[in-house]
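For reference, the chains in residue letters:
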Amino acid sequence: MSQRNYWLFKSEPANFSFDDLRTCPDSTEHWDGVRNYQARNYLRDEVQVGDQVLFYHSNIAEPAIVGIAEVVKAGYPDWTARDPENKHFDPASTAEKPVWYMVDVRFVKHFPRPVKLAELKNNPALSGMVLLSRSRLSIQPVREEEWRQILRLGGVEE
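This section reports on the structure supplied with the text.

Parameters at a glance
Residues numbered from 1 in each chain as written. Predicted model: local features only at pLDDT ≥ 70, side-chain atom pairs only at ≥ 80, totals over all residues. Heavy atoms only, no water. Helix = DSSP H or I, 4+ residues; strand = E, 2+ residues; numbered from the N terminus. Rg over C-alpha atoms; globule rule 2.2 N^0.38 Å. Buried < 20%, exposed > 50% of the residue type's maximum accessible area, 1.4 Å probe, protein only. Areas by Shrake-Rupley, 256 points an atom, 1.4 Å probe, with all protein chains shown as cover. 1 Å grid on protein atoms, 1.4 Å probe; cavity = no way out; pocket = protein on both sides within 12 Å on 5 of 7 lines; lining within 4 Å. Points joined across faces, edges and corners; volume = space filled by probe spheres on them. Pairing = 2+ DSSP bridges. Axes fitted to C-alpha atoms, helices over the stretch in contact; angles between N-to-C directions. Contact = heavy atoms within 4.5 Å. Core = buried A, V, L, I, M, F, W, Y, C linked by side-chain atoms within 4.5 Å. Polar contact = N/O pair within 3.5 Å; in protein donor to acceptor, adjacent residues only side chain to side chain. Arc of directions from axis to C-beta.

Section: the overall build of the chain
In terms of regular secondary structure, the chain is built from five helices and six strands. Counted from the first residue to the last, the chain has its helices and strands arranged as β-α-β-α-β-β-β-α-α-β-α. Here the C-alpha radius of gyration of the chain, 15 Å, is about what a compact globule of 158 residues would show, namely 15 Å. Structurally, the chain occupies a C-alpha span of about 45 × 40 × 30 Å along its principal axes. Residues counted as buried form 46% of the 158 residues belonging to the chain. For the chain, the exposed surface amounts to about 8500 Å²; the carbon and sulfur share of it is 47%.

Listed below in structure tokens is the structure:
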């Protein structure tokens, strides 16, 4: 049995919010459009079914972690990269040689209170978070002790 991993997935709520995920059929959706090689490698090679995800709203006045999702399908080729009508189209990606990958995630729960970026930055226990040093990376690993601290800050009982 593999060990559960923890991740932070970033999304701009104007494009796809945590509530959008909640209202999808079965509260589940594919996580497409990742176009950074390091984030792609995480999706392709490391993110697994059962992994837990902190859902982070970015590019807003007060960026914040707003809830928890769970990975329900491990990495598979991102078909949006092969669709010329899609904004994530990449002509280098083919069915035979996919460049980009995605996973499926399911809504688990909203945080009783969002954990804002400013709060993360001011918490010494979270000073090593990838979010605080590689803020542009859209898929990021989260250490278990960071996960537990963030759940406490968000008012979630374990």
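Picking up after the structure, the text goes on.
Points about the layout of surface pockets
Computed from the structure, the largest pocket encloses a volume of approximately 850 Å³. Only β1 (6-11), β2 (28-31), α3 (117-121) and α4 (130-133) provide two or more residues apiece to the lining of the largest pocket.

Here's the deal with the sheet that holds β2
Ordered in space as β2-β5-β4-β3-β1-β6, the six strands form an open sheet in which the pairing is mixed. Looking at strand neighbours, the two that pair on one side only are β2 and β6 (139-142), the edges of this open sheet. Here the strands of the sheet are splayed against their neighbours by 40° on average, with no regard to which way each runs. As defined by bridge partners, strand β4 (residues 64-77) adjoins strand β5 (residues 101-116) across 10 bridges and the pair is classed as antiparallel. Of the residues in β5, the one forming a bridge with E70 is R106. Along the sheet, helix α2 (residues 37-46) makes contact with β1, β4, β5 and β6, crossing β5 at roughly 110°. Across the sheet, helix α5 (residues 144-154) touches β1, β3 (52-57), β4, β5 and β6, and the angle it forms with β5 is around 45°.

Considerations on the nonpolar core
Of all hydrophobic cores here, the largest spans 24 residues; its most connected members are F9, W31 and I139. Excluding residues that lie within four positions of it along the chain, F9 makes contacts with W31, L43, V47, V53, L54, F55, Y56, V103, V105, S138 and I139. Among the nonpolar cores identified, the runner-up in size contains 19 residues, and L8, L54, Y56 and L153 belong to it.

Looking at the environment of N122
Here N122 lies in the loop between α3 and α4. Residues N122 and L21, 101 residues apart in the sequence, show an inter-C-alpha distance of 29 Å. A polar side-chain atom of N122 sits 3.0 Å from the main-chain carbonyl oxygen of A118.

Description of unusual backbone geometry
In this structure, D26 takes a positive phi of about 60° despite not being glycine. Along the polypeptide, D26 turns up in the loop between α1 (18-23) and β2. Taking the relative accessible area as the measure of exposure, D26 reaches 69% and is therefore exposed. Its identity is not glycine, yet N59 carries a phi of approximately 55°, on the positive side. Here N59 is to be found in the loop between β3 and β4. Using a relative accessible area of 61% as the deciding quantity, one classes N59 as exposed.

Looking at α2
Listed in full, the buried residues belonging to α2 are A39, R40, Y42 and L43. Burial along α2 is one-sided: seen end-on, the buried residues are contained in an arc of 155°. Of the residues flanking the start of α2, the one acting as N-cap is N36, its side-chain oxygen 2.9 Å from the backbone nitrogen of Q38.

Remember, this is a structural readout, not a statement about activity or role.
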